[in-house]
Amino acid sequence: MRKLILLGTHGAALAIGFALGIYFLPILTAPEGPDQAMLEAEAQGATYSAEFTRDLKGSDLFHWGEGTISVSPERIVHMGDLAPGPDYKLYLVPEFVDDEASFEAVKDQSVRIGDVKTFNGVILDVPADVDIDVYTTVVIWCEAFGEFITAAKFR
């Protein structure tokens, strides 16, 4: 009986340690994000602007974003914070989505703009062949775990 209890407690400790490692590793290895002045300069003259909020149906304690997202034909700039995590991607989506199921339903009609590697500000170049006017929403998605992080409707 004692061995079974030890096995259970040690297994639980290992599982908790593994989960914490997955959560904290992106924070520890994230490159430094752009400074506020650079974010503001890049966001000036954006064609569209929207807000990420924490209160979306698919967002929760560990998957959220907040702040301003600015969209122009040349770049997308996020000034704010994202919950840290691995393998985040920024997508432009043709309709507003606010959870995993609704994003997965339109993912094949969406365009992936790039990797999100910082959690306190992002600047991504929009590929020249992408017409931002075809899309209405920016989505941050965790590709590795298929998790919705946040979205903002910009048009």
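Residues numbered from 1 in each chain as written. Predicted model: local features only at pLDDT ≥ 70, side-chain atom pairs only at ≥ 80, totals over all residues. Heavy atoms only, no water.

K.L.:
Help me understand the pattern of salt bridges, please; the structure alone is not making it clear to me.
P.N.:
Under the criterion given, the structure shown has seven salt bridges. As a salt-bridge pair, Arg54 and Glu66 come within 3.0 Å of each other at their nearest N and O atoms. Of this pair, Arg54 sits in the loop between strand E1 (48–52) and strand E2 (65–71) while Glu66 is found in strand E2, placing the two residues 12 residues apart along the sequence. A residue is classified by how much of its surface remains accessible, and Arg54, at 44% relative accessible area, is partly exposed. Linking Lys57 and Asp99 is a salt bridge whose minimum nitrogen-to-oxygen distance equals 3.2 Å. On the criterion of sequence distance, the pair formed by Lys57 in the loop between E1 and E2 and Asp99 in the loop between strand E4 (88–93) and helix H3 (100–106) is long-range, its members being 42 residues apart. The class for Asp99 is buried, based on a relative accessible area of 13%. Several salt bridges converge on common partners, so that one network encompasses Glu42, Arg75 and Asp125. (Salt bridge = Lys/Arg side-chain N within 4 Å of Asp/Glu carboxyl O. Helix = DSSP H or I, 4+ residues; strand = E, 2+ residues; numbered from the N terminus. Buried < 20%, exposed > 50% of the residue type's maximum accessible area, 1.4 Å probe, protein only.)

K.L.:
What is the right way to read unusual backbone geometry from this model?
P.N.:
A negative phi holds for most residues other than glycine; trans holds for most peptide bonds. Although it is not a glycine, Asp87 sits at a positive phi angle of roughly 60°. Position of Asp87 relative to the elements: it lies in the loop between strand E3 (75–82) and E4.

K.L.:
Help me out: how do you make sense of the sheet that holds strand E7 (residues 137–142) in this one?
P.N.:
Pairing between the strands of a sheet is mediated by backbone hydrogen bonds and can be parallel or antiparallel. Reading across from one edge, E5-E4-E7-E8 is the order of the four strands in this open sheet, with antiparallel pairing throughout. Of all strands in the sheet, those bounded by a partner on one side alone are strand E5 (111–116) and strand E8 (147–153). On average, adjacent strands in this sheet sit at an angle of 25° to one another, irrespective of strand direction. Direction of pairing for E7 relative to E8: antiparallel, over a ladder of six bridges. Directly across from Thr137, in E8, lies its bridge partner Lys153. (Pairing = 2+ DSSP bridges. Axes fitted to C-alpha atoms, helices over the stretch in contact; angles between N-to-C directions.)

K.L.:
What should I look at first to understand the side chain of Thr150 in this one?
P.N.:
Along the polypeptide, Thr150 turns up in strand E8. Classification of Thr150 by relative accessible area gives buried; the value is 0%. Among residues more than four places away in sequence, those in contact with Thr150 are Phe52, Thr53, Leu56, Ser59, Trp64, Gly65, Leu82, Val138, Val139 and Ile140. (Contact = heavy atoms within 4.5 Å.)

K.L.:
Got a minute to help me understand the environment of His63 in this structure?
P.N.:
Mapping His63 onto the fold places it in the loop between E1 and E2. The exposure class of His63 is buried, given its relative accessible area of 18%. Separated by 71 residues in the primary sequence, His63 and Val134 have C-alpha atoms spaced 27 Å apart. Sequence-distant contacts of His63, that is, excluding residues within four places in its chain, are made with Ala83, Glu147, Phe148 and Ile149. A polar side-chain atom of His63 sits 2.8 Å from a polar atom in the side chain of Asp60. (Polar contact = N/O pair within 3.5 Å; in protein donor to acceptor, adjacent residues only side chain to side chain.)

K.L.:
Which parts of the structure should I look at to understand a nonpolar patch on the surface?
P.N.:
Together, Met1, Leu4, Ile5 and Leu7 line one region of the surface with nonpolar side chains, adding up to about 510 Å² of accessible area. Position of Leu7 relative to the elements: it lies in helix H1 (residues 2–29). (Patch = residues over 30% accessible without salt bridge, like charges linked within 9 Å, V, L, I, M, F, W, Y side chains within 5 Å. Areas by Shrake-Rupley, 256 points an atom, 1.4 Å probe, with all protein chains shown as cover.)

K.L.:
Even after reading the chapter, I still don't get the sheet that holds E1, so can you show me in this structure?
P.N.:
Spatial strand order, E1-E2-E3-E6: four strands in an open sheet with antiparallel pairing. Among the strands making up the open sheet, the edge pair consists of E1 and strand E6 (122–125). Mean inter-strand twist for the sheet, computed between neighbouring axes without regard to direction, equals 15°. The pairing of E2 with E3 spans seven bridges and is antiparallel. Following the sheet pairing, Ile69 is matched in E3 by His78. The strands that helix H2 (residues 36–43) touches are E2, E3 and E6; relative to E3, the one it contacts most, it runs at about 140°.

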